[in-house]
Amino acid sequence: MSGTFVGMPAFPKAARDAVRDTTLRGNLRHATHTIRDKRAKAVAELDDWQQLREAGKRIKDLTLRHLDRHLLRLEESVTAAGGTVHWAADAAEANRIVGDLVKATGETEVVKVKSMATQEIGLNEALAAEGIHAYETDLAELIVQLGDDRPSHILVPAIHRNRAEIRAIFRDRMAGWGRPAPEGLTDNPADLAEAARLHLREKFLRAKVGISGANFMVAETGTLVVFESEGNGRMCLTLPETLISVVGIEKTVPTWQDLEVFLQTLPRSSTAERMNPYTSMWTGTADGDGPQTFHLVLLDNGRTDALADDVGRQALRCIRCSACLNVCPVYERAGGHAYGSVYPGPIGAILTPQLRGTTSEIDASLPYASSLCGACYEVCPVAIDIPEVLVHLREKVADRGGPGHRLEKAAMKAATWAMDHPGAMAAGERAASRTRALHPRRPPGAGAWTDSRDLPELPAEPFRDWWRKNRT
Amino acid sequence: MNARDRILARVRAAVEGAPEAPPVVRDYLVSHTPDDPAAVLDLLHENLVDYRARVHRTDEAGIGALVAGLLAARGAGSVLVPRGLPPEWLAEAACAHVEDGAESTAADLDAVTSVVTGCALAIAETGTLVLDGGPAQGRRRITLVPDHHICVVRVPGQIVASVPQAMARLDPGRPLTWISGPSATSDIELDRVEGVHGPRTLDVVLLSP
Ligand code: SF4
């Protein structure tokens, strides 16, 4: 996985800077607490939430267990529907494929709908090196791109920015990228959204090439699905002549019916809505409607490494809802940038080290960036046992490093950071004891594919004790 | 080995020897709503309103005047008419009618004020309209570029209670657009603001026979 932010300090250093930044902390706290309560309400509306959660988990586990078969089926379905399928083992390969496809159209501009996979591979930078401008069209991505900034949240990459900062970015930077911000722009969110609408519309109307990711790919039908809110996704998916979608291989689900589970759990977990404003589903190309050329780039880039780890592979179930970020006491204080990758928060702490390996200090420190409180597991709509994977990855880091090794030092600093922040710890421990009472312990001897209705094996000892014991 | 074979080989090696995963059990509910058409209709109405769609109820005798009134209130200079739209729906609309021809560009559509369409179905529990490009719906772009969308739902035939019921009725081979309220964003401080790139005004007409 490329896309390490260059010169990124290890977790504790970056987290320390974030904690000192009171504006950032205020922004994060406000935003995550708002969405937390809303999510709980949206989830409580469905009496069968636990059944949906377990079904989502099993669909993903079963798919991963036979992923080769489903990928071949997907390739066959997409091809039959008029699409072309490409395979990319790593970031460089994916970027080269996309770059060549864009160049073949003769275009030098593309419009993009927010996609974690293309951020992960650093596609925009790779295209820029080929003389191709990639315009981000999601409002938050636009804020990040115009601000020459880095994303800090899965769903709301500019969550660290408040309205006043966004206004300043639009006022100062829009003109350099196209239509300038309207005169006298206020920091009213509706006015800011209007400014984005005007700025991007000219780009949508002339775009010939669109680039997207996808939330799901249905193997049996070849259907791709994108969930969004603003309509920028629909613009990118339907107005251009050519559409290129870059999607991680783990986004596959076997059947059309499987979507009925995630269509219920994803919106409620991510934006806390019964349904997000727009969801697009397309199968290859459609005569006279939308792009007449469709390319699907299937991306590995470390996913098969994660798949080979019998504890860690559950991270591949992630549907990127970001609920785990919004409840995480460590994320709330450290901010998304401290995680040093496009995947911040609890999911980033278990996914990034698996995709990239734990050879750098930042990646080795990530599994320690947690108080193991288990709040992330509680909200995860596919029941990823994040604390379990964190503990497992800590063991791997420890094995690799050994005492006095630079990786071990980075890791211990992260642990010390988490421990020295009474707020992060206390909130975490409270959450753990609160949720603990609701669930039976997992029965002994459960295998790698366990039932989400059982409790994850949270370390019985508080984190402080665990840390003291493992430090020496 | 090419990338395809390399990835497939890596996948196979990664799960080799892993225990079989448990089967998917679909013991979740097919619907969360009592099987009562009037209750389902009311729920749809309520959820559409909750996400800021404007909802109107009428019957075949009233639809012409209702749609004409919505267009006039909007000050619509022109309205896009997809193929297969029942002529009665626009019989009383005074503004210019524009057809969506194969040659119309996105910029042409941008000059049109409003669009009137039917839908494939509507989902009560989520307040969602699903369009599938069938009769009276047109290409995906016509409900995207104009700033005002009037969508007509036939009561009760096009209403389902739940997402699983909707999935069973939809054809994955068609391009599908699920619409739940007007375009919105939560990107500024996670606060929902209506209206970014898609239509900022969504009128839903619940049409009884
Ligand atoms: S790990 Fe779970 S809660 Fe976190 S983003 Fe992924 S699916 Fe959502």
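It should be noted that the structure appears before, not after, this text.
Residues numbered from 1 in each chain as written. Chains lettered and ligands numbered in written order. Predicted model: local features only at pLDDT ≥ 70, side-chain atom pairs only at ≥ 80, totals over all residues. Heavy atoms only, no water.

A. Region of interest: the overall build of chain B. Secondary structure summary: chain B contains 5 helices and 12 strands in total. Each of the three principal axes of chain B carries a C-alpha extent, and together these read 70 × 45 × 40 Å. Once local pairs closer than 6 in sequence are excluded, the contacts in chain B between residues at least 24 apart make up 72%. Accessible area of chain B: about 8100 Å², with a carbon and sulfur share of 53%. Across chain B, 18 positive and 27 negative side-chain charges occur, with their mean positions spaced 8 Å apart. (Helix = DSSP H or I, 4+ residues; strand = E, 2+ residues; numbered from the N terminus. Contact = heavy atoms within 4.5 Å. Areas by Shrake-Rupley, 256 points an atom, 1.4 Å probe, with all protein chains shown as cover. Lys, Arg positive; Asp, Glu negative; His and termini not counted. Charge placed at Lys NZ, Arg CZ, Asp CG, Glu CD.)

B. Expanded view of the nonpolar core. In terms of nonpolar packing, the biggest core is built from 110 residues, with Phe11, Leu259 and Leu296 of chain A together with Trp178 of chain B touching the most fellow members. Considering every element that reaches this core, the biggest residue donor is helix H1 (residues 3-15) of chain B, with 6 residues. If near-sequence neighbours (up to four positions away) are discounted, Leu259 of chain A is found in contact with Phe216, Val218, Val225, Val253 and Met281 of chain A together with Met167 of chain B. Within the second largest apolar cluster, 33 residues are counted, among which are Ala140, Met174, Leu200 and Leu239 of chain A. (Core = buried A, V, L, I, M, F, W, Y, C linked by side-chain atoms within 4.5 Å. Buried < 20%, exposed > 50% of the residue type's maximum accessible area, 1.4 Å probe, protein only.)

C. Structural detail: the site of the ligand. Taken together, Cys318, Ile319, Arg320, Cys321, Ser322, Cys324, Ile347, Cys380, Pro381, Val382, Ile384 and Ile386 of chain A make up all the residues around the ligand. Across the shell around the ligand, the residue classes break down as 10 nonpolar, 1 polar and 1 charged. (Near = heavy atom within 4 Å. Nonpolar A, V, L, I, M, F, W, Y, C, P; charged D, E, K, R; others polar.)

D. Spatial organisation of the pairing of strand E4 (residues 114-117) of chain B. Residues and elements named next belong to chain B. Across the two faces of E4 the burial is the same, with Ser114 and Val116 and Val115 and Thr117 all buried. Where strand E2 (residues 78-81) meets E4, 2 bridges bridge the pair, whose relative direction is parallel. Directly across from Leu80, in E4, lies its bridge partner Val115. Examined bridge by bridge, E4 and strand E7 (residues 148-154) share 4 bridges and lie parallel to one another. Each bridged residue has a counterpart across the sheet, and for Ser114 the counterpart in E7 is His148. (Pairing = 2+ DSSP bridges.)

E. Focus on the packing of aromatic side chains. Residue and element names in this part refer to chain A. Per the counting criterion, the structure on display carries 5 aromatic pairs over all chains. Note on Tyr135 and Trp177: the rings are 6.2 Å apart at their centroids and 75 degrees apart in plane angle, and the pair reads as edge-to-face. Of this pair, Tyr135 sits in strand E3 (residues 133-136) while Trp177 sits in helix H9 (residues 163-177), and the two are 42 residues apart along the sequence. Classification of Tyr135 by relative accessible area gives buried; the value is 10%. Judged by its relative accessible area of 32%, Trp177 is partly exposed. Through successive ring pairs, a cluster of aromatic residues spans Phe216, Phe227 and Phe262. When the ring centre of Tyr377 is taken as origin, the NZ or CZ atom of Arg53, which lies over that ring, is 4.8 Å away. The ring of Tyr278 has Arg234 sitting right over it, with the charged end atom 4.7 Å from the ring centre. (Phe/Tyr/Trp six-rings, centres within 6.5 Å; stacked < 30°, edge-to-face > 60°. Lys NZ or Arg CZ within 6 Å of the ring centre and 35° of its normal.)

F. Representation of the sheet that holds E2 of chain B within the structure. Residue and element names in this part refer to chain B. Overall, parallel pairing links the 6 strands, which are arranged E1-E12-E7-E4-E2-E3 in an open sheet. Either end of the sheet is taken by a strand with one partner, and the two such strands are strand E1 (54-59) and strand E3 (96-99). The average undirected angle you get between the axes of adjacent strands in this sheet is 25 degrees. Packed onto the sheet, helix H2 (residues 37-50) meets E1 and strand E12 (201-208) and runs at close to 145 degrees relative to E1. (Axes fitted to C-alpha atoms, helices over the stretch in contact; angles between N-to-C directions.)

G. Structural detail: the sheet that holds strand E1 (residues 84-88) of chain A. The strand order across the open sheet built from 6 strands is E1-E10-E7-E4-E2-E3 (chain A), with neighbouring strands paired in parallel fashion. For this open sheet the edge positions go to E1 and E3 of chain A, each flanked by a neighbour on one side alone. Adjacent strand axes in the sheet meet at a mean angle of 25 degrees when their direction is disregarded. Pairing of strand E7 (residues 242-248) of chain A with strand E10 (residues 293-299) of chain A involves 7 bridges; the strand directions are parallel. Following the sheet pairing, Gly248 of chain A is matched in E10 of chain A by Leu299 of chain A. Of the strands in this sheet, E1, strand E2 (109-112), strand E4 (209-212), E7 and E10 of chain A are in contact with helix H5 (residues 91-105) of chain A, which crosses E1 of chain A at around 145 degrees. Helix-sheet contacts for H1 of chain B involve E1 and E10 of chain A, and the interaxial angle to E1 of chain A is about 65 degrees.

H. Geometry of the interface of chain A and chain B. Listed per partner, the contact involves 97 residues of chain A and 72 residues of chain B. Taken together, both faces of the contact between chain A and chain B bury some 7600 Å²; the carbon and sulfur share is 58%. On the chain A side of the contact with chain B, Arg197, Arg234 and Arg274 of chain A bury the most area, a combined 10% of that side's loss. Counting the contacts that link chain A with chain B gives 11 salt bridges. In this structure, the salt-bridge partner of Asp110 of chain B is Arg201 of chain A, at a minimum N-O distance of 2.8 Å. At the boundary of chain A with chain B, the tally comes to 40 residue pairs in polar contact (both at pLDDT 80 or more). Among the elements that take part in the side of chain A that touches chain B, helix H10 (residues 189-206) of chain A stands out by supplying 11 residues, more than any other. Of the residues belonging to the side of chain A that touches chain B, the class tally is 48 nonpolar, 23 polar and 26 charged. (Buried area = accessible area lost by both parts, 1.4 Å probe. Salt bridge = Lys/Arg side-chain N within 4 Å of Asp/Glu carboxyl O. Polar contact = N/O pair within 3.5 Å; in protein donor to acceptor, adjacent residues only side chain to side chain.)

I. Representation of the side chain of Ser183 of chain B within the structure. Here Ser183 of chain B shows up in the loop between strand E9 (176-179) and strand E10 (184-185). Apart from residues lying up to four places away in sequence, Ser183 of chain B is in contact with Ser229, Glu230 and Tyr278 of chain A together with Val193, Glu194, Gly195, Val196, His197, Gly198 and Pro199 of chain B.

J. Focus on the side chain of Asn232 of chain A. In this structure, Asn232 of chain A sits in helix H11 (residues 232-238). Overall, the relative accessible area of 2% leaves Asn232 of chain A in the buried class. Polar contacts involving the side chain of Asn232 of chain A include one to the side chain of Thr137 of chain A, which spans 3.0 Å. For Asn232 of chain A, the residues in contact, after removing those within four places along its chain, are Val113, Thr137, Asp138 and Phe204 of chain A together with His197 of chain B.

K. Geometry of H1 of chain B. With 13 residues, H1 of chain B extends 19 Å from end C-alpha to end C-alpha; this agrees with the ideal 18 Å at 1.5 Å per step. Here H1 of chain B has its buried residues at Ala3, Ile7, Leu8, Val11, Ala14 and Val15 of chain B. The buried side chains of H1 of chain B occupy one side of the element, clustering within an arc of 130 degrees when seen end-on. Summarising the contacts, the buried residues of H1 of chain B are in contact with helix H3 (49-65), helix H4 (67-80), E1, H5, E10 and helix H13 (303-307) of chain A. (Expected span 1.5 Å × (residues − 1). Arc of directions from axis to C-beta.)

L. Just H5 of chain A, in detail. Residues and elements named next belong to chain A. Look at H5: 22 Å from first C-alpha to last across 15 residues, which is about the 21 Å you get at 1.5 Å a residue. Residues Ala91, Glu93, Ala94, Asn95, Ile97, Val98, Gly99, Leu101 and Val102 constitute the buried set of H5. Put simply, Asp90 is the residue that caps the front of H5, since its side-chain oxygen is 3.3 Å from the backbone nitrogen of Ala92. Within two residues after H5, Gly106 carries a phi angle of roughly 80 degrees, on the positive side.

M. Spotlight on the packing of H3 of chain A against helix H12 (residues 259-270) of chain A. Residue and element names in this part refer to chain A. Axis separation between H3 and H12 bottoms out at 10 Å; the angle between their running directions is 110 degrees. As the angle between them shows, H3 and H12 are arranged roughly perpendicular. Both H3 and H12 take part in a crossing whose hand is left-handed. Counting all contacts with H3, which are made through Trp49, Leu52, Ala55, Gly56, Ile59 and Lys60, the residues of H12 involved are Val261, Phe262, Gln264, Thr265, Arg268 and Ser269. Class assignment for the residues of the contact of H3 with H12 results in 6 nonpolar, 4 polar and 2 charged. (Parallel < 35°, antiparallel > 145°, perpendicular 65-115°, else oblique. Left-handed = near helix turned anticlockwise from the far one by under 90°.)

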